[in-house]
Amino acid sequence: MRAATILLGVLSAILVVAQLVMGMLIRTGEASVGLRTAHFHSGTLMVLVTLAYIALSLTSLLTRPRIN
């Protein structure tokens, strides 16, 4: 489970940076129609991956044994 959490975290970070770069290209007017479509689809993927990462992280934290 730890490896999956790390993998999802890294993938989330990469997708966030990709969204930022594509958004900046679109904003400056240097984007083609294909880039705008890619921006939309990678944004949707980013949301799904990030939500999976959050769910897996919270599950991992909540299932740890408590030491008193």
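What you see is a predicted model, and the numbers here were worked out from it, not measured in a lab.

Caption draft 1: Local environment of the packing of helix α1 (residues 2-28) against helix α2 (residues 33-62). In contact at an axis separation of 8 Å, α1 and α2 are set at 150° when each is read in the N-to-C sense. In this view, α1 runs roughly antiparallel relative to α2, as classed from their interaxial angle. For the pair α1 and α2, the sense of crossing is left-handed. Here the contact of α1 with α2 is built from residues that sort into 16 nonpolar, 10 polar and one charged.

Caption draft 2: Quick peek at the nonpolar core. By size, the foremost hydrophobic cluster in this structure holds five residues: L8, L15, M46, V49 and L56. Breaking this core down by element, the ones donating at least two residues are α1 and α2. When residues of this core are assigned to their parent elements, the largest contribution, three residues, is made by α2. Ignoring any residue separated from it by four or fewer positions in sequence, one finds V49 in contact with L8, L11, S12 and L15.

Caption draft 3: Highlighting α2. In this model α2 runs 44 Å from its N-terminal to its C-terminal C-alpha over 30 residues, within 8% of the 44 Å that 1.5 Å per residue would give. Turning to α2, its buried residues are L35, S42, G43, M46, V49, L56 and S57.

Caption draft 4: Expanded view of the side chain of S12. Mapped onto the secondary structure, S12 falls in helix α1. Apart from the residues within four sequence positions on either side, S12 is in contact with V49, T50 and Y53.

What counts and what doesn't
Residues numbered from 1 in each chain as written. Predicted model: local features only at pLDDT ≥ 70, side-chain atom pairs only at ≥ 80, totals over all residues. Heavy atoms only, no water. Axes fitted to C-alpha atoms, helices over the stretch in contact; angles between N-to-C directions. Helix = DSSP H or I, 4+ residues; strand = E, 2+ residues; numbered from the N terminus. Parallel < 35°, antiparallel > 145°, perpendicular 65-115°, else oblique. Left-handed = near helix turned anticlockwise from the far one by under 90°. Nonpolar A, V, L, I, M, F, W, Y, C, P; charged D, E, K, R; others polar. Core = buried A, V, L, I, M, F, W, Y, C linked by side-chain atoms within 4.5 Å. Buried < 20%, exposed > 50% of the residue type's maximum accessible area, 1.4 Å probe, protein only. Contact = heavy atoms within 4.5 Å. Expected span 1.5 Å × (residues − 1).

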